[in-house]
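Each chain, letter by letter, is given below.
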Amino acid sequence: MKSLLAILALSTALTAPGLAMARPVTLTTTMTNYGGDGAYLALYVTDTSGAYVGSLWMAGGKSKYYEHLSDWYRATGGDPAQINGITGASVGAGRSLEITLDLADALFDAGYTLHVDAAVEDMRDSPNEVAIPLTSAGAGKAVAGRRYIASFTYDM
Amino acid sequence: MIRAFHRWPGLLALALVTILALSGAMLAVVPAVERIAAPQAEAGLTVATLATRVQAAYPGVEQIRRAPSGQITAYWFDQGTPGAAVIEPTTGLGVASADPNQVERWLTNLHRSLFLDDTGRIAMAAGAAAMLVLAFSGIALVARRTGGWRHWFARLRGPLAGRLHVEIARVAVLGLVLSASTALWMTASTFDLLPDATATPVFPAEVSGETGVSLSDIDLLQTTPVAELRALNFPYRDDATDVYTLKTDRGTGYLDQGTGLTLAWADLSGWARLSETIYMLHTGQGAAALGLVLGLMALGVPVMGVTGVLVWWAGRRGRPRIRANRPARQAETILLVGSEGGSTWGFAATLHAALTKAGQSVHVAPMSAFAPESYTRADRIIVLAATYGDGDAPASAKGFLDRLAALEQAPAAPLAVLGFGDSSFPAYCAFAEAVSAAANAKGWAELMPLDSVDRQSAQTFARWGRHLGQAMGLSLDLAHQPVLPSTRALSLVSRRDYGADVQAPTAILRFALPPLSLWQRLTGAGFARFQAGDLVGILPEGSPVPRLYSLASARRDGFVEIVVRKQPGGICSSALMALAPGDTVKAFLRRNPGFHPDRGRSPLILIGAGTGIGPLAGIIRGNRRLRPIHLFFGMRHPGSDFLYSREMPVWKAEGRLVRLVTAVSRGAQPNYVQDALRAERAEVARLIRDGARVMVCGGRDMAAGVADALAEILAPSGLTPALLKAEGRYVEDVY
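Cut-offs and rules
- Residues numbered from 1 in each chain as written.
- Chains lettered and ligands numbered in written order.
- Predicted model: local features only at pLDDT ≥ 70, side-chain atom pairs only at ≥ 80, totals over all residues.
- Helix = DSSP H or I, 4+ residues; strand = E, 2+ residues; numbered from the N terminus.
- Buried ≥ 20, exposed ≤ 12 C-beta atoms within 10 Å, placed from the backbone.
- Contact = placed C-beta atoms within 7 Å.
- Pairing = 2+ DSSP bridges.
- Axes fitted to C-alpha atoms, helices over the stretch in contact; angles between N-to-C directions.
- Core = buried A, V, L, I, M, F, W, Y, C linked by C-beta atoms within 7 Å.
- Domains from an automatic or database assignment.
- pLDDT = per-residue confidence, 0-100.
- Expected span 1.5 Å × (residues − 1).
- Arc of directions from axis to C-beta.

A. Examining the environment of T26(A) more closely. All names here are of chain A. Note that T26 resides in strand β1 (residues 22-31). A count of 14 C-beta atoms within 10 Å places T26 in the partly exposed class. In this structure the C-alpha to C-alpha distance between T26 and A139, which are 113 residues apart in sequence, comes to 9.7 Å. Not counting residues within four places of it along the chain, the set of residues in contact with T26 comprises E98, T100, Y154 and D155.

Okay, here's the thing in structure tokens:
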């Protein structure tokens, strides 16, 4: 169910090619012990020009706090339709978030970038916490975030 | 009904509201501490100047935030490493860590969600809702108890737990209502149930594409004082499409990083403003003093929880189970009970048991269940009615008078009304009187005239029972035994006898203090703490009904002293009068705070006759602060029943007693204590005008005579005994 909706969410922005050709991708986000409440995370994709393509996941259920995920919020205007059905709980300090999605093949090696915006109550907002190009070669390679994320990987 | 709305939410939500209140009280200190610790910006400092200073100190600055406390925090990146600090506005330099305080975070999470996230938030919101229900039902109860809104801060009487509960509540309720209602608003806001989202302007489609405008050249930053700042976000480095984002008390806007022009602006919506005000009222963030006041009021909640449970438990323990209660349609006797705290139910149970034993079929019900159409076989209807507050119907009698007034015709079965109350209250048995008057007005036949039982006197109840038995043609023995505290053996130390020559054998009996358990010493229970005017219950051999005597000594005196007069046929007084030193009686202590001298320094006028001198003598003996005491004492003959005649001159010499006026009723010119008052009318009126307090102890007739005399004496000054009673300046201990 989750993966189907993820495709749908993406398909609104990604025009048809290769919708049938998708593969399961596991996104793993591990938080540092930043000493605060649960972090809100927005995972989304931009194209070569930096334009917003679609959202993959929203960790954090209360829309009134989404404005703190400022890049995502600016790109979407906070539109709840962008994350309809792909929303989960916020991620606590030191915890991991693992999600598996069916992502279209066309997203890889085509200049798309996966972004993670992060925000924690009473702490700094960290838009663009992670920005990682989606390539076949980059799969499985962990990158660290700027402030809250200890490591982020996508595995195919 | 209202009581149930107070009791059950209170008991169910006790733990929850206690956690809410305690954590809230601790959190309430935070804004004040932060306000004191935060380096404050100088007056007139603009956002442009502040931002320039911060940027000079931290070139990688991304965001500057200002908390309502005035604390300014900057967030920056320095060569890829994130940094943050509390900023000293005059220099732009960091002075303290910006990391959240872990204790505060822990308390906040406990306070709003019990660490259970949304489930916990809903539970805590339910706690806040319970708090609101408690507050409003409590307000209604206090208003009823004190006799209306105008008497909100009236003096309270009754047991300590109940008084403490109301004393705290009537001050703290305002803060609790504010805290609880704002909490519910905030919960609704958190769950997106309110249209109070921050309005963000649409991001500008086009920017100048230039970068590098100096902060001091941006008009809006130049004109915005730091006091209005919420947050300023800097554009990403090397991203010419990005902008400055400014949030102030008025709204949010985007500023061009090349031209400094305002590209878009959105004002704060009315809802958002309202939500922010509510947030401030709840947390004290931006209103530190209010926060402290609310926190202090919240501390009352645990105390009210404990005292509330004590009040409930005491009421519950005093309520007996009625066995073999007959249905209304089959009963010959209908027994209707109007009880507030439950003690009147005890009397009803005794009466029910005695009547049932005498072969009657009896139906007991609360007065609020009055349903005359179903009393088809009833031969008589008996009403036992307490009074609540200023003459109101007690809890279980709500609606009785309305229903009676609505009847076309009074029930055929005749009615007897017995009032229960405390004669130290101005509205003694007022509700029973109202019931009796309403019944008379309806033309309801009378089985027995209205009577009253003062302070749960089992003796009076037994006497009334004998009269009822006569009216019903059967022998009725009402041995009412309220739930008794455990008794102690008191051993007689000495006795002084008076009055044998005037046919009023009277004795001052002095008992040794009974040994106390450690628990009693620690808690002041039983005989560990008492003063003159408290009551000692004596349980005579061969009778389950205790008799109450006023104490003539305090704990400090080191003995238990009472004054007893032998009553013809009285089991208890006969037993006491027969005691020889070394003999013991079973006794318990009952506090009587309504008949203690207040802590003031104004003069006391003590009025008593016969054995009524007991507590008054105890008060004089304990008058170590030498407060001016005037004693009016009525006796039969100074040669025979002048109680405490040996001590009086000593007390006068020591200054414990200023003036002694005696009235002698046997002799050439019979003179009663009320006559003595009238003879001294000028002095008495002057003392009372100047704030003196009157305490009367003795028989009913004497007390009535004294009240009449005082009414006469006070009439010219516009005062009445009832007015003094309402102020707590006229108290009686009448038997």
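Having seen the structure, we can now continue with the description.
B. Geometry of the sheet that holds strand β8 (residues 149-155) of chain A. Residue and element names in this part refer to chain A. Judged by pairing direction, the sheet is antiparallel, and its 3 strands sit side by side in the order β5-β1-β8 without closing on themselves. Each end of this open sheet is capped by a strand with a single partner; those strands are β5 (96-104) and β8. Looking at each pair of strands side by side, their axes are set apart by 15 degrees on average, direction ignored. Across 6 bridges, the pairing between β1 and β8 is antiparallel. Looking at the pairing, M31 lines up with I149 of β8.

C. Region of interest: the nonpolar core. Residue and element names in this part refer to chain B. One finds V536, L606, L616, V673, L677, M695 and V706 to be the most contacted residues of the largest nonpolar core, which totals 67 residues. When residues of this core are assigned to their parent elements, the largest contribution, 7 residues, is made by helix α22 (residues 700-714). Both domain 4 (488-594) and domain 5 (597-734) contribute no fewer than three residues apiece to this core. Non-local contacts of V706, meaning those with residues more than four positions away in its chain, are made with I607, V673, Q674, L677 and V696. Counting residues in hydrophobic clusters, the runner-up holds 49 residues, among them A349, A378, L384 and V417.

D. Here's a closer look at the confidence of the model for chain A. Residue and element names in this part refer to chain A. Residue-level pLDDT values for chain A average 86, and 87% of them are 70 or greater. Residue range residues 1-9 is modelled with pLDDT below 50. Its contacts to residues more than four positions away, or to other chains, number 16 contacts. Low confidence marks residues 11-18, where pLDDT is under 50. Its contacts with residues over four positions away, or in another chain, come to 12 contacts.

E. Structural view of helix α15 (residues 458-472) of chain B. Residues and elements named next belong to chain B. Here α15 contains 15 residues, and its C-alpha end-to-end distance of 21 Å stays within 8% of the 21 Å for a straight helix at 1.5 Å per residue. Taken as a whole, α15 has its buried residues at A458, F461, W464, G465 and L468. Seen along its axis, α15 keeps its buried residues to an arc of 120 degrees; they face one direction. Summarising the contacts, the buried residues of α15 are in contact with α12 (343-357), β12 (415-421) and β13 (446-454). One or two steps after α15, the chain reaches G473, where phi turns positive at roughly 75 degrees.

F. Examining helix α9 (residues 270-283) of chain B more closely. All names here are of chain B. Between its terminal C-alpha atoms α9 stretches 20 Å, which fits the 20 Å expected from 14 residues at 1.5 Å a residue. Turning to α9, its buried residues are S275, I278, L281, H282 and T283. In this structure, the buried residues of α9 make contact with α3 (29-37), α7 (160-190) and α10 (288-298). Immediately downstream of α9, the backbone of G284 shows phi near 75 degrees, a positive value.

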